[in-house]
Amino acid sequence: MTSGFDDIPFFDEEPAPRKQPPGKPAAESPEPAGGLGIAARAMAARGQSRSPDYLSGLNPEQREAVETTEGPVLVLAGAGTGKTRVLTTRIAHILETGRAYPSQILAVTFTNKAAREMKERIGLLVGGAVEGMPWLGTFHSIGVKILRRHAELVGLRSDFSILDTDDIIRLIKQLIQAEGLDDKRWPARQFAGMIDGWKNKGLDPAQIPEGDARAFGNGRGRELYTAYQNRLKSLNACDFGDLLLHPIRMFRANPDILRDYHDRFRYILVDEYQDTNTAQYMWLRLLAQRSAPSRMTRDQTGAQASDRRPDDISSAPAQASADRRDTAASESKGRPTVNICCVGDDDQSIYGWRGAEVDNILRFEKDFPGAKVIKLERNYRSTEHILGAAGHLIAHNEGRLGKTLFTERTNPDDQKVMVHAAWDSEEEARAVGEEIERLQRGDADGKNHNLNDMAILVRASFQMREFEDRFVTLGLNYRVIGGPRFYERLEVRDAMAYFRLVCQPADDLAFERIINTPKRGLGDTTVRTLHDYARARDIPMLAAAADICETDELKPKARKSLWDVVQNFSRWSQRLETLPPNELAEQVLEESGYTDMWKNDKSAEAPGRLDNLKELVRSMEEEESMRAFLERIALVMDAEQNESMDAVSIMTLHSAKGLEFDTVFLPGWEEGLFPHQRALDEGGRSGLEEERRLAYVGLTRAKHLCHIWFVSNRRIHGLWQSTMPSRFLDELPNTHVEVAESDTSYGGYGRGGYGQSRFDKAEPFQNSYSTPGWKRAQANKTDATRDNWGNRSGHAVERIGYGESGPRGKTIEGELVAKSTSSTPSKFSIGDRVFHLKFGNGNVAGIEGNKLTIEFDRAGQKRVLDGFVEKVG
DNA sequence: ATCTGTGGACTTTTT
DNA sequence: GTCCACAGAT
């Protein structure tokens with residue numbers, strides 16, 4: 001999203017905005033820079049008494065939200081009420097009326113996807129590309145942009161790198177060991193989580209609660225946090241939290257710089273405000289509170305409260321809310337208006353566990369006195385049954401701002417929300433599969449539904465597997481959204497480590513990652529020597545490596561090998577300025593022997609990894625510099641998805657927020673799973689309420705049909721457990737919900753089913769060979785394709801962002817996917833050593849046509865299709 | 001250096 | 001049940 005730090009448009013590079021009081025009409029405004037079209041249209045708009053095009057088609061509330069440009073505005077936008085439309089139209093309106101230049105608008109979102117979408121839609125409204133919206137982006141991308149410019153003020157260089165979770169855990173692990181603590185007893189992962197939590201709250205090491213500090217590492221939590229920050233600094237690196245916290249520190253310490261930003265950002269817009277955490281809140285407050293310079297400094301540094309030091313990032317959370325109220329009230333007096341517009345929905349706050357504070361949205365009017373609150377309740381997405389069900393459910397939550405969605409489009413044919421019971425999760429998956437096929441065929445309502453219009457939204461990702469299994473069997477196309485991402489794959493991360501080190505020779509984490517990858521005979525001993533050497537002299541490891549080669553501290557073999565690496569990197573670094581990034585990347589991967597490493601690897605996943613590396617290099621073609629690329633990747637973790645094929649989407653409820661589907665399936669509505677037991681245990685009442693909001697999000701994703709399922713038996717951690725229907729089912733209103741008559745012998749809402757054996761029931765499709773899906777699988781067999789993981793499959797499976805270990809936990813039982821005819825002689829013979837993506841290595845014990853019986857080393861005997869195994873050795 | 005066995009964890013996840 | 005990380009063996 002952001003390109004290199006060196007091309008950030010900044011204050012002095014732009015024409016000075018003509019000072020104009022907020023609210024002055026467009027007519028007096030000069031032509032915005034680079035905005036001929038915009039200006040022309042604005043002029044035209046001004047000349048007409050009629051309202052401009054982009055405003056027509058908005059409902060009165062939306063229109064108010066768009067046109068109330070001055071002063072604080074909170075838009076409470078219920079699900080499907082046109083939230084994005086309001087945000088984008090509002091920006092277009094500000095631009096078209098000449099209230100601000102594109103570069104004077106700060107618009108923050110949580111995800112890159114949302115930012116991208118907004119850019120596109122503003123472009124459509126304003127006509128042409130919105131080149132001049134440099135400050136539309138995620139909290140983090142905007143944070144980086146600010147930080148790159150002022151890095152030295154927080155002790156970093158502007159080419160600092162952004163570490164991902166993996167790096168951070170390795171780093172913390174080193175710190176824990178350096179403290180002489182047992183890294184078994186004190187897991188780095190846990191501490192990383194704690195740091196993340198503190199940073200979400202905007203807490204420096206000095207500010208963390210005593211209890212927290214004691215809770216980890218024999219009471220050394222605070223020291224570890226301090227050590228962690230120091231280490232980051234010496235690595236010239238940041239974690240994600242720092243992208244917000246460093247700017248906050250920098251603003252606090254440099255009021256003059258903050259003032260520049262105040263002058264710049266005439267309008268601030270925030271998407272998904274209910275998801276902001278305390279740090280983001282503080283960041284926004286700093287940018288939003290244009291105030292009298294002298295007073296501001298005091299307030300912003302927290303000096304107002306006597307018990308606080310000036311370097312405090314914030315008041316600690318305990319004191320925060322009370323203080324905030326006071327300061328908000330006092331700060332607002334006699335200040336220029338804050339043109340901040342926050343859009344959100346308290347009923348869709350589902351990220352509390354990640355530090356989001358719903359309280360931020362609940363408190364908006366107190367934070368910004370005189371704020372206008374606009375509720376968008378007119379829903380354009382769902383039927384009245386769906387809205388009725390969702391509304392009734394969410395009404396069980398307390399402490400809401402209280403919205404009730406309604407629709408004006410009622411249709412007597414609309415189906416109620418259906419609740420289905422199934423015996424166990426397997427039957428659930430089967431029933432959902434059948435329903436999907438019914439819809440697809442048009443048997444359900446006479447309409448042929450596209451798979452693209454259907455989604456299965458689960459509470460926890462382990463639920464996905466059963467659906468995947470079933471859909472593989474049926475030959476039903478599906479796509480899994482979420483999960484490990486492209487950029488988290490081993491080979492991609494290795495390659496990135498090389499690139500990082502080329503760009504940033506001080507990146508020790510990258511160094512350690514690749515120094516012996518591929519194997520160069522630089523094992524633990526050498527690395528430790530290097531590490532100590534570097535630490536003793538306070539220099540980066542790559543520099544230490546260069547130095548140490550001049551000495552005789554290493555054995556000749558290691559020294560030679562290390563020297564080669566050092567030479568390579570210095571050569572590559574020199575090419576940084578001259579070669580296009582993709583060419584340099586290719587050279588690095590070739591000359592380092594990294595590509596060869598995978599070429600020589602005979603394992604089944606090696607070809608896929610090589611493909612990924614190619615893809616990585618290819619994706620750098622358009623990039624202007626390797627640095628810019630690294631930054632983009634650090635901030636943009638989502639892989640682009642291929643929407644071309646027709647497929648059912650499978651995803652978690654969390655990743656479904658913001659999406660909509662004609663038909664939505666919501667399986668797993670059982671106590672313990674949904675609401676999740678852990679949410680209840682750890683979150684208590686508020687935990688339950690967040691779960692309920694999650695249910696609300698799920699329901700409101702549906703436009704026309706919504707099917708809820710619950711089962712009586714589910715396997716949890718490997719054990720079969722009988723389960724109770726979710727309490728949320730009882731919270732649905734009868735008027736909008738219908739309990740499906742079970743089409744299997746078991747079933748019926750509330751009928752229990754205990755005491756039955758799961759084998760008692762008659763299976764309608766005991767024989768899978770009679771299912772339509774099997775027939776389809778037969779039909780598809782000719783165009784069996786190879787998917788990304790080297791699986792051959794008769795139907796397309798798309799994984800957005802899955803990789804690394806292949807389809808995680810996808811069971812590919814061959815019997816049911818029979819694809820090739822048995823007439824072709826098998827390419828395997830008894831005794832062959834084979835590899836299976838899921839079961840690992842094994843020996844062929846029997847062959848029947850294309851089905852192999854394999855004795856796996858670990859998984860035991862299995863029957864699988866030959867397409868799913870590879871010969872090895 | 002690579003393979004194998006064991007122990008622990010296991011909700012949600014963006015940046 | 002299953003995945004992952006790591007220690008110890010080969």
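Everything that follows concerns the structure shown earlier in this document.
Residues numbered from 1 in each chain as written. Chains lettered and ligands numbered in written order. Predicted model: local features only at pLDDT ≥ 70, side-chain atom pairs only at ≥ 80, totals over all residues. Heavy atoms only, no water.

Draft legend 1. Region of the structure containing the overall build of chain A. The helix and strand inventory of chain A stands at 32 helices and 24 strands. Taking all 873 residues of chain A together, the buried fraction comes to 56%. Across chain A, the fraction of contacts at a sequence separation of at least 24, relative to all contacts at a separation of at least 6, is 75%. Roughly 36600 Å² of accessible area belongs to chain A as shown, and the carbon and sulfur atoms make up 49% of that amount. (Helix = DSSP H or I, 4+ residues; strand = E, 2+ residues; numbered from the N terminus. Buried < 20%, exposed > 50% of the residue type's maximum accessible area, 1.4 Å probe, protein only. Contact = heavy atoms within 4.5 Å. Areas by Shrake-Rupley, 256 points an atom, 1.4 Å probe, with all protein chains shown as cover.)

Draft legend 2. Region of the structure containing the pairing of strand S6 (residues 267-270). Burial along S6 is two-sided: Tyr267 and Leu269 facing one way and Ile268 and Val270 facing the other are all buried. Pairing of strand S2 (residues 105-109) with S6 involves four bridges; the strand directions are parallel. Its bridge partner lying in S6, alanine 107 is registered against leucine 269. (Pairing = 2+ DSSP bridges.)

Draft legend 3. Layout of the packing of aromatic side chains. Per the stated rule, a full pass over the model turns up 24 aromatic pairs. Taken together, a centroid distance of 6.3 Å and an interplanar angle of 80 degrees make the contact between tryptophan 669 and phenylalanine 728 edge-to-face. Separated by 59 residues along the polypeptide, tryptophan 669 in the loop between strand S13 (661-666) and helix H30 (677-700) and phenylalanine 728 in helix H31 (residues 727-730) bring together distant segments of the chain. With respect to class, tryptophan 669 is no different from phenylalanine 728; both count as buried. Joined through ring pairs, the aromatic side chains of Trp186, Phe191, Trp198, Phe216 and Tyr225 make up one cluster. Across the ring face of tyrosine 533, the terminal group of arginine 537 is positioned such that the distance to the ring centre comes to 3.5 Å. (Phe/Tyr/Trp six-rings, centres within 6.5 Å; stacked < 30°, edge-to-face > 60°. Lys NZ or Arg CZ within 6 Å of the ring centre and 35° of its normal.)

Draft legend 4. Quick peek at the protein's contact with DNA strand B. Lining the immediate surroundings of DNA strand B are 22 residues, of which Arg459, Ser461, Arg485, Lys519 and Arg678 lie closest. One of the side-chain nitrogen or oxygen atoms of threonine 652 is found 2.3 Å away from a phosphate oxygen of DNA strand B. For the surface near DNA strand B, the secondary-structure elements that each account for two or more residues are helix H29 (653-656) and H30. Here the residues of the surface near DNA strand B are counted per class, giving six nonpolar, ten polar and six charged. (Near = heavy atom within 4 Å. Polar contact = N/O pair within 3.5 Å; in protein donor to acceptor, adjacent residues only side chain to side chain. Nonpolar A, V, L, I, M, F, W, Y, C, P; charged D, E, K, R; others polar.)

Draft legend 5. Local environment of the pattern of salt bridges. By the definition in use, this model includes 56 salt bridges. We note a salt bridge from glutamate 210 to arginine 214, for which the minimum N-O separation is 3.3 Å. Of the two residues, glutamate 210 and arginine 214 both sit in helix H8 (residues 210-215), four residues apart, roughly one turn of that helix. Exposure remark for glutamate 210: the relative accessible area of 43% places this residue in the partly exposed category. Under the relative-accessibility criterion, arginine 214 is labelled exposed at 56%. Note that arginine 285 and aspartate 367 form a salt bridge whose closest N and O atoms lie 3.5 Å from each other. On the criterion of sequence distance, the pair formed by arginine 285 in helix H12 (residues 278-288) and aspartate 367 in helix H16 (residues 364-367) is long-range, its members being 82 residues apart. Since its relative accessible area comes to 1%, aspartate 367 is described here as buried. Bridged by salt links that share partners, the residues Asp164, Asp166, Asp167, Arg170, Arg493, Asp494, Arg500, Asp507 and Arg513 form one connected network. (Salt bridge = Lys/Arg side-chain N within 4 Å of Asp/Glu carboxyl O.)

Draft legend 6. Expanded view of the nonpolar core. Ranked by internal contacts, the top residues of the largest apolar core, which has 50 residues, are Phe499, Leu562, Phe569, Leu616 and Met626. Sorting elements by how many residues they give to this core places helix H20 (residues 490-503) first, with nine residues. Sequence-distant contacts of phenylalanine 569, that is, excluding residues within four places in its chain, are made with Tyr498, Leu501, Val502, Ile514 and Leu542. One finds Leu243, Leu244, Leu284 and Leu286 within the second-largest nonpolar core, a separate group that totals 48 residues. (Core = buried A, V, L, I, M, F, W, Y, C linked by side-chain atoms within 4.5 Å.)

Draft legend 7. Representation of the packing of H20 against helix H27 (residues 606-618). In contact at an axis separation of 9 Å, H20 and H27 are set at 45 degrees when each is read in the N-to-C sense. When the axes of H20 and H27 are compared, the pair comes out oblique. Seen along the crossing, H20 lies across H27 with a hand that is right-handed. Counting all contacts with H20, which are made through Leu490, Glu491, Val492, Ala495, Met496 and Phe499, the residues of H27 involved are Arg609, Asn612, Leu613 and Leu616. Of the residues contributing to the contact of H20 with H27, the split by class is seven nonpolar, one polar and two charged. (Axes fitted to C-alpha atoms, helices over the stretch in contact; angles between N-to-C directions. Parallel < 35°, antiparallel > 145°, perpendicular 65-115°, else oblique. Left-handed = near helix turned anticlockwise from the far one by under 90°.)

Draft legend 8. View of empty space enclosed by the protein. Tallying each qualifying case throughout the model produces eight cavities of 30 Å³ or more. In this structure, the largest cavity encloses a volume near 370 Å³. Residue lining of the largest cavity: 25 residues in total, with Ser161, Ile162, Arg500, Leu630 and Ala634 positioned closest to the centre. Of all the elements in the fold, those that place two or more residues in the lining of the largest cavity are strand S4 (161-162), helix H6 (165-178), H20 and helix H28 (626-635). In terms of residue class, the lining of the largest cavity is built from 13 nonpolar, two polar and ten charged. (1 Å grid on protein atoms, 1.4 Å probe; cavity = no way out; pocket = protein on both sides within 12 Å on 5 of 7 lines; lining within 4 Å. Points joined across faces, edges and corners; volume = space filled by probe spheres on them.)

Note that all results are geometric; they support no functional claim without further evidence.
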